[in-house]
Amino acid sequence: MSGTGDIAVLGAGMHPWGKWGRSFIEYGTVAVRAALADAGLDWPDVRSVVGAETVRGGYPGYVAGATFARALGWQGARVTSVYAACASGAQAINTARAQILSGMAEVVLVVGADAAPKGFFAPAGGERPDDPDWLRFRVLGATNPAYFGLYARRRMALHGDTPDDFARVKVKNAAAGALNPYARYRKAVTAEEVAASAVVADPLRLLDICATSDGAAALVLCGMDYARRRGAVDPVRIRAVSTVTPTYPNPVLDLPDIATDSAVAAEPSPYSFRASVARAAYEEAGIGPEDLSLAEVYDLSTALELEWYEDLGLCGAGEGAKLVREGVTALGGRVPVNASGGLASFGEAVPAQAIAQVCELTWQLRGTAGERQIDGARTGITANQGLFGHGSSVIAVR
């Protein structure tokens, strides 16, 4: 296993998720200060800031790097702002990694924060008939949960998954989230409670679908030499970051598109887009799914988490429900997935979540995750998918 491209996670910090009614800048500043304290650094030690954007934060959200540099106090650091929808945090990490490995910066702060609207996410305002995100609302009235319901129906038709299987994912994640002080929902849930919750997009119910949340996460990243100089002799290391895009033709419906590509002129890839995201990360890290201690995946819905099991290579196609039935992906199982509690327990704070996933890997690999600690965790992967074909996967090792 090569480690020539490794960078160190010197600090990790978060602001608790919830609906706090305050500015995303406030949340992000709290997360940054926690990450700096964890790293044992002062703000002036940071020479580069990469901010994951929130487009709902108005003008300051579009320039998130400078927004946080200003909030913390101008001190001359270079800034970058990154937007890639749900993959913004991973692209911010990748930008920081590129700066460190190229010698542009020794220590980089990555931060993402959001103050989400009530209800489901809608496209930005205005008339934009060339924007697929705008079109799917205008033509179909298709909110995000409508797609989640279609994905769930597809699994039921192809693999025989049942609403009970989906409910098991929520029960598992709620049990983990109850142990996480940063989670918004910290209460165990039963399968009966999932089944009794309101139908949102058949077959998915309210407790099958993640909320929209306020929250923030931050990382202090640096080169291995810098980490050793700071006394971190065995830090958590980021070994791979995948930010791939889909391959034409895409034969499966995907957000925000309302049609698939024609496969008449070209053979589809043997791997789905989501599976290709993880494959690229594995190849770069020189590992495989058999090496994983844990995974953090983007469970926009319970059914989608089952799909990620297959996309990550934890099992074969159609076998995801079997894993959750057998407890393989629960705390104490062979490969716990979403030991943090996942989006089921946090909700979406879009620019922060991919960073939050790496915070969880960091704490698990350090052995400091408290009641949800996974014994002997050495290797973890994150995975999520951003709107418009943004892949996102990070592999961390220790």
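This is a predicted model, so every value here is computed, not measured.

Definitions and limits used
Residues numbered from 1 in each chain as written. Predicted model: local features only at pLDDT ≥ 70, side-chain atom pairs only at ≥ 80, totals over all residues. Heavy atoms only, no water. Salt bridge = Lys/Arg side-chain N within 4 Å of Asp/Glu carboxyl O. Helix = DSSP H or I, 4+ residues; strand = E, 2+ residues; numbered from the N terminus. Buried < 20%, exposed > 50% of the residue type's maximum accessible area, 1.4 Å probe, protein only. Core = buried A, V, L, I, M, F, W, Y, C linked by side-chain atoms within 4.5 Å. Contact = heavy atoms within 4.5 Å. Phe/Tyr/Trp six-rings, centres within 6.5 Å; stacked < 30°, edge-to-face > 60°. Pairing = 2+ DSSP bridges. Axes fitted to C-alpha atoms, helices over the stretch in contact; angles between N-to-C directions. Polar contact = N/O pair within 3.5 Å; in protein donor to acceptor, adjacent residues only side chain to side chain. Patch = residues over 30% accessible without salt bridge, like charges linked within 9 Å, V, L, I, M, F, W, Y side chains within 5 Å. Areas by Shrake-Rupley, 256 points an atom, 1.4 Å probe, with all protein chains shown as cover. UniProt positions renumbered as here; feature names shortened; annotations may be inferred.

Details of the pattern of salt bridges
So, point 1. Throughout the structure, instances matching the rule amount to 27 salt bridges.
So, point 2. Among the salt bridges present, the one from D165 reaches R325, with a minimum N-O distance of 2.8 Å. Here the residue D165 occupies a position in helix α7 (residues 163–177), and R325 occupies one in helix α12 (residues 320–325), the gap between them amounting to 160 residues.
So, point 3. Taking the relative accessible area as the measure of exposure, R325 reaches 47% and is therefore partly exposed.
So, point 4. In this structure, the salt-bridge partner of R274 is D254, at a minimum N-O distance of 4.0 Å. Taken together, the residues R274 in helix α10 (residues 273–285) and D254 in the loop between β8 (236–242) and α10 connect sequence positions 20 residues apart. In terms of burial, R274 and D254 fall into one category: buried.

Some points on the nonpolar core
So, point 1. Counting 48 residues, the largest nonpolar core has Y282, Y309, L312, L314 and I395 as the members making the most contacts within it.
So, point 2. Elements with a contribution of two residues or more to this core: α6 (144–159), α7, α10, β9 (294–297), α11 (302–311), α12, β10 (379–386) and β11 (390–397).
So, point 3. Sequence-distant contacts of L312, that is, excluding residues within four places in its chain, are made with A278, Y282, P289, A295, V297, I381 and A383.
So, point 4. A352, I355, W363 and A396 belong to the second-largest nonpolar core, a separate cluster that totals 41 residues.

Remarks on the packing of aromatic side chains
So, point 1. Throughout the structure, instances matching the rule amount to 4 aromatic pairs.
So, point 2. Between the aromatic rings of W17 and F346, the centroid separation amounts to 5.2 Å while the plane-to-plane angle is 80°, which identifies the pairing as edge-to-face. Within this pair, whereas W17 is found in strand β1 (residues 7–18), its partner F346 is found in helix α13 (residues 342–346), the two being separated by 329 residues in sequence.
So, point 3. Look at F346 and you get buried, because its relative accessible area is 3%.
So, point 4. Judged by centre distance (5.9 Å) and plane angle (90°), the ring pair of F24 and F68 falls under edge-to-face. Of this pair, F24 sits in helix α1 (residues 24–39) while F68 sits in helix α3 (residues 64–72), placing them 44 residues apart in sequence. The pair F24 / F68 is uniform in exposure class, with both members buried.

With respect to unusual backbone geometry
So, point 1. D202 connects to P203 through a cis peptide bond whose omega is 10°.
So, point 2. Among the secondary structure elements, P203 is positioned in the loop between β5 (199–201) and β6 (204–205).
So, point 3. Of note, the amide linkage connecting L255 to P256 takes the cis form, showing an omega dihedral of -5°.
So, point 4. Considering the arrangement of structural elements, one finds P256 in the loop between β8 and α10.

Considering the sheet that holds β8
So, point 1. Within the open sheet, the 9 strands sit side by side as β3-β2-β4-β7-β1-β8-β11-β10-β9. Their pairing is mixed. Pairing within the sheet leaves two strands with one partner each, and these edge strands are β3 (78–82) and β9. Neighbour-to-neighbour, the strand axes of the sheet open up by a mean angle of 25°, direction not taken into account.
So, point 2. In the sheet, β8 pairs with β11 via 5 bridges, with the strands oriented antiparallel. Residue pairing in the sheet places R237 in a bridge with V397 of β11.
So, point 3. Sitting on the sheet, α1 touches β1, β4 (107–115) and β7 (214–222), and the angle it makes with β1 is about 140°.

Considering the side chain of S242
So, point 1. In this fold, S242 is placed in strand β8.
So, point 2. Here V277 takes part through its backbone oxygen, which lies 2.9 Å from a polar atom of the side chain of S242.
So, point 3. With residues near it in sequence (within four places) discarded, S242 still touches V277, A280, A281, G391, S392 and S393.

Overview of a nonpolar patch on the surface
So, point 1. There is a patch of nonpolar side chains on the surface, built from Y59, Y62 and V63 and spanning about 340 Å² of accessible area.
So, point 2. Residue placement: Y62 occurs in helix α2 (residues 58–62).
So, point 3. On the accessibility criterion, Y62 (42% relative accessible area) is partly exposed.

Focus on the environment of G313
So, point 1. Take G313: it is sitting in the loop between α11 and α12.
So, point 2. Here the alpha-carbon distance between G313 and V350, two residues 37 residues apart in the chain, equals 25 Å.

Some words on the UniProt feature "domain: Thiolase N-terminal" (unreviewed entry) in the protein chain
So, point 1. Under the UniProt annotation, "domain: Thiolase N-terminal" (unreviewed entry) lies at residues 11–113.
So, point 2. Across residues 11–113, helical content stands at 44% and strand content at 24%; the span's end C-alpha atoms are separated by 17 Å.

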